[in-house]
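Geometric and topological summary
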Amino acid sequence: MNNEIHFKYYDMVEEYAMESIEPVAETEEDALALYFQLLLTRLMNNEEISESAQQEMAEEAGIDKKRIDDIAMFLNRWGNE
């Protein structure tokens, strides 16, 4: 686990992995946790999250850009619960 990423984002990765369309490999966990951290930090700061911003964050985190829409749907469901 990367010490710079708060453990709560790894909890989100675990939950996402249970619901995701594509299986999540253990090697993806750090990248996904970082993506969740980047994304939610922007949300908490009331920053715009455009498609291009999502692409940039995915690239920075090192996640497969095919996961962006799946993660957005997951967070939408998660936010509604």
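Below or above, wherever it landed, is the structure these notes cover. (Residues numbered from 1 in each chain as written. Predicted model: local features only at pLDDT ≥ 70, side-chain atom pairs only at ≥ 80, totals over all residues. Heavy atoms only, no water.)

Thoughts on the overall build of the protein chain
The secondary structure content of the protein chain amounts to four helices and zero strands. Helices (α) and strands (β) of the protein chain occur, in sequence order from the N terminus, as α-α-α-α. Radius of gyration (C-alpha) of the protein chain: 12 Å, near the 12 Å computed for a compact globule of 81 residues. In the protein chain, which comprises 81 residues, the proportion classed as buried is 36%. (Helix = DSSP H or I, 4+ residues; strand = E, 2+ residues; numbered from the N terminus. Rg over C-alpha atoms; globule rule 2.2 N^0.38 Å. Buried < 20%, exposed > 50% of the residue type's maximum accessible area, 1.4 Å probe, protein only.)

With respect to the pattern of salt bridges
Counted according to the given criterion, the structure contains three salt bridges. Put simply, R77 and E19 hold a salt bridge, and the shortest N to O gap is 3.3 Å. Of this pair, R77 sits in helix α4 (residues 67-80) while E19 sits in helix α1 (residues 7-19), and the two are 58 residues apart along the sequence. For E59, the salt bridge identified is with K65, shortest N-O distance 3.5 Å. (Salt bridge = Lys/Arg side-chain N within 4 Å of Asp/Glu carboxyl O.)

Description of α1
Helix length check: α1 (13 residues) gives 19 Å between terminal C-alpha atoms against 18 Å at 1.5 Å per residue, within 8%. Inspection of α1 places Y9, Y10, M12, V13 and Y16 among the buried residues, and these make up the whole buried set. Taken around the axis of α1, the buried residues stretch over an arc of 155 degrees, which confines them to a single face. Of the residues in α1, the exposed ones pointing more than 90 degrees away from the buried face are E14 and M18. (Expected span 1.5 Å × (residues − 1). Arc of directions from axis to C-beta.)

Quick look at the environment of R67
Within the secondary structure, R67 is located in helix α4. The buried category is assigned to R67, whose relative accessible area is 7%. With 50 residues separating them in the primary sequence, R67 and A17 have C-alpha atoms 11 Å apart. Setting aside residues up to four positions removed in sequence, R67 forms contacts with Y16, S20, E22, P23, V24, E28 and L32. A polar contact is formed between the side chain of R67 and the side chain of Y16, at a distance of 3.1 Å. A distance of 2.7 Å separates the side chain of R67 from the backbone oxygen of P23, its partner in a polar contact. (Contact = heavy atoms within 4.5 Å. Polar contact = N/O pair within 3.5 Å; in protein donor to acceptor, adjacent residues only side chain to side chain.)

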